[in-house]
Every structure is written in structure tokens, then in C-alpha cells.
Amino acid sequence: MTSHGQTPTANAMRRALKRARDGVALDVTEAAVLLQARGEDLVDLTASAARVRDAGLAAAGRPGVITYSKSVFLPLTRLCRDKCHYCTFVTVPGKLRREGHGMYMSMDEVLDIARRGAELGCKEALITLGDKPEDRWPEARAWLEAEGYDDTLAYVRAVAIRILEETGLLPHLNPGVLSWTDFQRLKPVAPSMGMMLETTAERLWSEPGGPHHGSPDKEPAVRLRVLEDAGRSNVPFTSGLLIGIGETYEERAESLFALRRVQRAYHGIQELIIQNFRAKPDTAMRGMPDAELDDLVATVAVARHIMGPSGCLQAPPNLVDAEYARLIGAGIDDWGGVSPLTPDHVNPERPWPHIDELADKSAAAGFELRERLAVYPEFVRRGEPWLDPRVLPHVQALADPDTGLARTDVRPEGLPWQEPDEGFTPMGRTDLHRTIDTEGRSADRRDDFDEVYGDWQELRERAAPGMAPQRVDSDVREALGQAADDPTGLTDEQALALLHADGPALDALCRTADDVRRDAVGDEVTYIVTRNINFTNVCYTGCRFCAFAQRRTDADAFTLSLEQVADRAQQAWDVGAVEVCMQGGIHPDLPGTAYFDIARAVKERVPGIHVHAFSPMEVVNGATRTGMSIREWLTAAKEAGLDSIPGTAAEILDDEVRWILTKGKLPTATWVEVVKTAHEVGLGSTSTMMYGHVDQPRHWLGHLRLLADIQRSAQEKGVPGFSEFVTLPFIHTNAPVYLAGIARPGPTARENRAVTAMARLLLHPWIPNIQTSWVKLGTEGAAEMLRSGANDLGGTLMEETISRMAGSSYGSYRSIKDLVAIAEAAGRPARPRTTRYGEVPPERVEAAHASDGHLPDLLPVV
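Presented here is a report on the structure given in the accompanying data block. The shown structure was predicted, so the numbers you read here are calculated from the model rather than taken from an experiment.

### Points about the overall build of the chain
Turning to step 1, where the next piece is worked out: The helix and strand tally for the chain stands at 35 helices and 21 strands.
Turning to step 2, where the next piece is worked out: Here the C-alpha radius of gyration of the chain, 29 Å, is about what a compact globule of 862 residues would show, namely 29 Å.
Turning to step 3, where the next piece is worked out: C-alpha atoms of the chain, sized along the principal axes, occupy 85 × 60 × 55 Å.
Turning to step 4, where the next piece is worked out: Between the centroid of the 94 positive side chains of the chain and the centroid of its 124 negative side chains there is a distance of 2 Å.

So this is what it looks like as C-alpha cells:
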């Protein structure tokens, strides 16, 4: 039932219909009016919606085609922690036992249905289940523990792999609410996933008696976050609305616009399902009337106008009493999954139509019925990064390469689910670490600039509010006094005042920070003889600030072999290095164990060198690809030779900023989890902050406060924490977010001084070492930061590709003499250090001075 509210006037309806006919973008008010179209008005609305749909099908290369997926429905578990008042799918453990069922379908039960489906020509395995049943039901937890699974999603992952390997069906996963990390776990085993938004009307969830009251996973904000995380993770995703559960027309319109906003931002919603409520016996909503057919038809038509010609719209054919022509006329282009074998377990009283009947009804309306796969043809043709290399062969075996639709001449057959074979095959511009300084990059942007980062206009609109500066009313003099007396007592208001300081106040701030530095670590400026090794720059994460990442086919793309990585580590050791710092892009072909192989290869070649490697993003990538927990993966990496991790991939630890800067990187909470876990397993880390893009001082303050809290926690536990904090000024020149006109051109000189000084004060006494970046600031800039609270210059690097690809003009290495000269320019002595700021063995010091800490020109380039 829909709460109708005020009936629109005839004039309002005429205006809205005309705008729809003319193809003018609708707003929420107009959409709410059109949702109430009936009679001739509804005929007018559906006619214009159908024209929009037809234009989209023609543009997609399949005019006059309506699709469906031949599937089997696998209700993996009917237990759930939610209590939706209209649901008959969910049950309780006692009822399952009485009916002779387990808490979950067994693997044998799943595979039996999947095999029979494959014999009938089905190509999709629709895996549906309740949300996190183990959180509510001890019986579910006991079943998982007995079968050896940590949680329900671990079982979902295992089931999907077995289906791929033993039947060839393509899993489409509907496990409910997922986190960003969950998507990383499941993407390698399924080409598509889904979750109905249902509604954004929060009152239906928050108010007692509402259909979603008491269901934590039905909070609209939570479900919208899932849709966004799916887009960030490049997962083809199905969503939609459930209409007639008590929402108003305005709320329904708002729900459609929320879906459009997500689609504009990420282009990852492969279809929208418009599903009409059907009352069911034995539910709290059994007395509510069903959603009317006119209501469904109007909603489909309005959804078509809002989502546009490229949107894919589905209405379940088993819920409309054979009124197929009206739905086709309203603008759908898909019938969804139809099974010749299994019932619709969510609506068991409504059997699927026969496929022949569906084809006949579609033909009567002028459409040809064609079979698609679980993943829509647009995503099949897009390929990377939407399809993981481990499921790509399974999709390609069933897909028509020209159309992306299902091949009708094949039956699914099981294929191995395995890591790609390419792995560490060297390819591309492997000399980029040298030639970036002499030849530069091939182009200022990657070839897929307009697609890989999402919708730039939507991003501009989203970024604008966060970039607006805030007025600061706190007294700078009072704040300076507090900083000088006791920096640990600075309030947030005082800290913000100091972050905005300029002129004489800024000079006083930097002097104070320098005094604190002197008391904390003395006058010596430290540096480390190290080599950066970037083992690949192939990456599809979509970080909008990154000019390093390339597609595998781009001219500047490269991947090193394990031997090349070990050779570079050996070269570094020969010229006095005590550390190698290794990071790379999130290459889709590298297995999760590749990081272990890299660490092991270096340690086998150079046992004495410190392996400082793998950002938190790489850690999550490795853990999710291997199916290991973050703790298990870090422990295994340590056993393979990893000694510490860089605290990169932090950027700004505020998701308001992160989701502007990056499309698919890990959220703040996951970064914190990785770093804390690394500390707990005995792996120290650095910490970083990249600033000067779409951020403001309030974001810097929150970031620094969070780092101080993490370090305080590590010290209380007696585990390694952060060895240093590294300031990373944003290099804008080739950064996509700058080229798109969204970010500002890096921080000002004032901001660099203020950030360095405030890092010293706000992290005191927890993180004693503050590092400045000569790569990003140059010699004079780095010397100025040494006078503003910094005490460390970082490394000789020997090679540096990331900042140089972004447009830094300060080269790829500095000799020891260069670093000592920077310290002398600040009036300070210099000394070498180890990764954890210890004394360097004399043998290493001698080797480093003999080479001046960099690779001689005669050394072979590998």
C-alpha cells in the first residue's frame, strides 16, 4: 500500500507529462506527480518511457530485444538476523529442523541443484540468503563452526567456487548487506551481485510498526552505502525498489533519485528491479493490500525516465498475473531470472512463467526474447575491471563475444577457478624508473580517463561542500601559548586556529614546533639509504589522485618479474642500502600470494636487507584474494620475510574526502584495522598524510588525532607502532582529479609549513619522528620543513616513479651528499638510520659512502 498524500492538480500532471515527453530531466516533485498518473495520463507517460527505452536498446546494439536469465534459485540459508514484516522467505531454526532441513543447504544439496540446472541449460546460480544469521542464531554459528567456516560469507565464497568449478554456472550473489572488504572477498568468485534498496524512507525502518522496524540491515543509509561500495569495487550490481509497503509517492521518487545518484557516480548498477508488494499469509503485513498494477506500471515508467535510456529495468513476470504487455509498454527491457527447475523461494506462491510463454508474450508486444547471463552484456563487454580474471574464463565460455548476451549453442561446464597464469611475467616499460626522468611519460592521462574514475560532474557537485573553508574564530595568540606550554593540551579549536596561521603567527608556530622537535629528538637530521621498487603500475582501483596507475595495455604500463625485483634489491644492497620499500598497483592478474613471493625473493637474495613493503590496500587485496583474514595474511607475510609496512594508502583518513579522492580504495575503518593488526602481529609501520587537494584543515586535524590515538594504543599494548609520520604534499600536475578541474593545485607554502609544524605538535609525544619529502618539495622546501618541526629526510630512494608520474620535478633519487646538504641548509647535522631509527652497522655506512648512496650509471638497468 502506498500512502498517497495530496493528489496532484491537473495542471501539475500536464506540466510533468510534457517534460517527460520532451525528454527534460525531472525533479523529485515532478516524479512524484507522475507516479500518480492513471488512465490516459498513464498511457501518455508509458508511451514516452517506452521511447526512452527503445532509444537505449538501439544505442546498445540490441533494438527490439527483451532479455531474461535462465537460472536456478539456491536459498543457501533461510535464517536471517532481520525481521521484515512482509517476508516469508526467512524462518527460524526450529521450523527448519521440523521440516528436516539443516541450518544451511549442504554443499551436496547446492551442487545437485546446480548440476541439474546446467543439464537444463541454465547459466545462472542465484544464491540468496538471509543477512548474517550467525549474529542472531546460535544454531547458525554452530553449523558454520562444525563445517569449518568463519562466517556465512566464507561459506558463500566456497559454494560459489564449487559451482564454478563443477557446473560452470555463474554465481549471482544476494547475501544482503556487505562491507567494502566483503566485496573484495566475493568479487573473485562471482561476476555479479545484488541487493534491493527497497526504499529510502527512513521512517519505515525507524518507527515501531514499520515494515523494516527491528531490522538493522534495512536502514536506508546502510543500504545506500552498500550500493556505493559495490560501485567503488567495480562489481556489476543489481538493485531496485519494493513498492507498496507504506511509502509515499514522494519517498518513492526520492528512492529512485538516490539510485540514479549512485549510478551516475559509479556506473555499476547493471539493472533495477521494480517489484510490487504482495501480501502473504503468516506475516505481520498480511492484511495490507497488494500494490496495484497501475502503480507498478507508473513506477516502471518513471524509473525509466529517471534512469534514462542506458538503464536496465526489470519487473518480475511471476508477480503481474500475465499482464506482460503493460510492463513492456512502460519501459522494461528485462524479465529477470526465470527457472525451469526451482521455484521463486521469496514468492513461492507465484510460479515462474514458462520461457516459451514469456517469448510469445514478448513477441506479441513486438520484442524478441533473448537470454543473457547473470552479468549484463554491457559489463561482459567492458571486461576489466568489472570482471575479475578468475571468473572471466567462466563468463567468456558462455557469452557471445559480439553482443555480451548468452550463447545459445553451449551448455555450462565446470572450469577450474584459479589464479591467472600471467603473474610475474615481465612486461611493458620496465625501465620507467630511469626513463621517467629522461623521456617522461607517454601521455598525461590513461586511455580510460573518462570511464575508470566515475562521473566527473557528479564528483564536482559532491566535492564542493567539503572544500568550502570554515571560519576560525579562536585566538591564535592563545593557541600559540598553549602550544609552547604543553602541545598535548591543544583543543581542536586551538589546533584549527594554528593550522590557519599565517605571517608572524606562522613563523611563531614553526619556531615552537622546532623547539618541541629539539627537545624530543635533538638536532640530528636522519635519512635512510633505501631503494624504492615499484613492481607493477597496472591498477584498476580508480584512485583519482594517482597518475601512476595504468591499464595493462597503456604505453607506460609495466610489471617486473620476481628475478628483476630481487636484482634491484641486490643492487641496492651493493651500494649500501639497509632497506627496500616495495609497493605496486592492484594488478588483477597477481594472486594474493604474490606479495609473499616478492618478500621471499628479496630475502633469499639479500637476507640482511629490511623489507618495508605493501600498503594497507595491498594487504587487503592479498587477504581477500587468498580468503585469509587480515591477521592471517600479515602473519604469513611476516613469515615470508616482510619486516614492516608503509602507512600509505591513507591519503586523508576521513571518508568525506576519501570518496572524492578515490573510487575504489579501502575506507578509513579498514585502513585502521590493517595498521592496528600489523602492529599487533609485530610489524611496525610508518604513517602518512597526503594533503592539498580537496581537503581542508579540519580534515588534517582529524587525521592527525586518529594517528595519535592509534600510536597511543600500540604503546599501551607494547607492540610496534608508527616509526614516523610522513607529510606528502599533493602533486597535482598529472593527477586525474586536478585535470578534471576538481582539486586545487597542491598545498601552498604556508600550508606545507603549518602542516609540518602541527604534525610535530599534535603527534607529540606519541610519534617522535616527522619526515619531510624532498621528492615532493625539493631541496629548499625540505630544508624549510626541517626548520618547521621535521627531523627526517626519508630515503635516497635510488628510483622513484609514483611522484614523478604525477609530475614532480625533483627527480628520482638523492645522493647521501645531497641529503646532508639539505640538512646543512637548515643548520643541522645529519646521520644515517635504519627503518626503525636505529644505528646503521659500520659495514653498511662504509658501502653507502663509497657509492654516495645511489646506483652508478654503469650498473645494468633491469
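Let's pick the thread back up.
### Digging into the packing of aromatic side chains
Turning to step 1, where the next piece is worked out: Enumeration according to the criterion identifies 14 aromatic pairs in this entry.
Turning to step 2, where the next piece is worked out: Measuring from centroid to centroid gives 5.1 Å for Phe379 and Trp386, while their planes differ by 70 degrees, and the two rings are edge-to-face. The burial state of Phe379 is the same as that of Trp386; both residues are buried.
Turning to step 3, where the next piece is worked out: Among the aromatic residues, those joined into a ring-pair cluster are Phe535, Tyr595, Phe596, Phe614 and Trp633.
Turning to step 4, where the next piece is worked out: A cation over an aromatic ring shows up here: Arg382 above the ring of Phe379, its NZ or CZ 4.2 Å from the ring centre.
Turning to step 5, where the next piece is worked out: A cation over a ring is seen here: Arg833 above Tyr837, with NZ or CZ 4.0 Å from the ring centre.

### Here's the deal with the nonpolar core
Turning to step 1, where the next piece is worked out: Of all hydrophobic cores here, the largest spans 128 residues; its most connected members are Met582 and Trp671.
Turning to step 2, where the next piece is worked out: Not counting residues up to four positions away in its chain, the partners in contact with Met582 are Ile533, Phe535, Val565, Ile598, Val602, Val611, His612, Ala613 and Phe614.
Turning to step 3, where the next piece is worked out: In terms of nonpolar packing, the next biggest core, distinct from the first, is built from 123 residues, Leu35, Ile113, Leu227 and Leu296 among them.

### A short note on the pattern of salt bridges
Turning to step 1, where the next piece is worked out: In this structure the tally under the stated criterion is 51 salt bridges.
Turning to step 2, where the next piece is worked out: Arg115 serves as the salt-bridge partner of Glu166, at 2.6 Å between the closest nitrogen and oxygen. One end of the pair, Glu166, is in helix 7 (residues 152-166); the other, Arg115, is in helix 5 (residues 107-119), with 51 residues separating them in the sequence.
Turning to step 3, where the next piece is worked out: Arg115 sits in the partly exposed class, given a relative accessible area of 37%.
Turning to step 4, where the next piece is worked out: In this structure, a network of salt bridges that share partners links the residues Asp514, Asp515, Arg517, Arg518 and Asp523.

### Points about the layout of surface pockets
Turning to step 1, where the next piece is worked out: In this structure, the second largest pocket spans a volume of roughly 640 Å³.
Turning to step 2, where the next piece is worked out: As for the second largest pocket, its lining consists of 36 residues, and the residues nearest its centre are Met307, Gly308, Pro309, Ser310 and Gly311.
Turning to step 3, where the next piece is worked out: Mapped onto the lining of the second largest pocket, the elements with two or more residues apiece are helix 1 (10-21), helix 3 (40-59), helix 11 (249-266), strand 6 (269-276), helix 12 (293-307) and helix 15 (377-382).
Turning to step 4, where the next piece is worked out: For the lining of the second largest pocket, the element with the highest residue contribution is helix 3, accounting for five residues.
Turning to step 5, where the next piece is worked out: When the residues that make up the lining of the second largest pocket are grouped by side-chain class, the tally is 16 nonpolar, nine polar and eleven charged.

### Concerning helix 7
Turning to step 1, where the next piece is worked out: The end-to-end C-alpha distance of helix 7, which contains 15 residues, comes to 21 Å, matching closely the 21 Å that a straight helix rising 1.5 Å per residue would cover.
Turning to step 2, where the next piece is worked out: The buried fraction of helix 7 amounts to twelve of the 15 residues, a majority that puts the element mostly inside the structure.
Turning to step 3, where the next piece is worked out: Thr152, Leu153, Ala154, Tyr155, Val156, Arg157, Ala158, Val159, Ala160, Ile161, Ile163 and Leu164 are the residues of helix 7 that are buried.
Turning to step 4, where the next piece is worked out: Two residues or fewer past helix 7, Gly168 is found with a positive phi of approximately 85 degrees.

Calculation notes
Residues numbered from 1 in each chain as written. Predicted model: local features only at pLDDT ≥ 70, side-chain atom pairs only at ≥ 80, totals over all residues. Heavy atoms only, no water. Helix = DSSP H or I, 4+ residues; strand = E, 2+ residues; numbered from the N terminus. Rg over C-alpha atoms; globule rule 2.2 N^0.38 Å. Lys, Arg positive; Asp, Glu negative; His and termini not counted. Charge placed at Lys NZ, Arg CZ, Asp CG, Glu CD. Phe/Tyr/Trp six-rings, centres within 6.5 Å; stacked < 30°, edge-to-face > 60°. Buried < 20%, exposed > 50% of the residue type's maximum accessible area, 1.4 Å probe, protein only. Lys NZ or Arg CZ within 6 Å of the ring centre and 35° of its normal. Core = buried A, V, L, I, M, F, W, Y, C linked by side-chain atoms within 4.5 Å. Contact = heavy atoms within 4.5 Å. Salt bridge = Lys/Arg side-chain N within 4 Å of Asp/Glu carboxyl O. 1 Å grid on protein atoms, 1.4 Å probe; cavity = no way out; pocket = protein on both sides within 12 Å on 5 of 7 lines; lining within 4 Å. Points joined across faces, edges and corners; volume = space filled by probe spheres on them. Nonpolar A, V, L, I, M, F, W, Y, C, P; charged D, E, K, R; others polar. Expected span 1.5 Å × (residues − 1).

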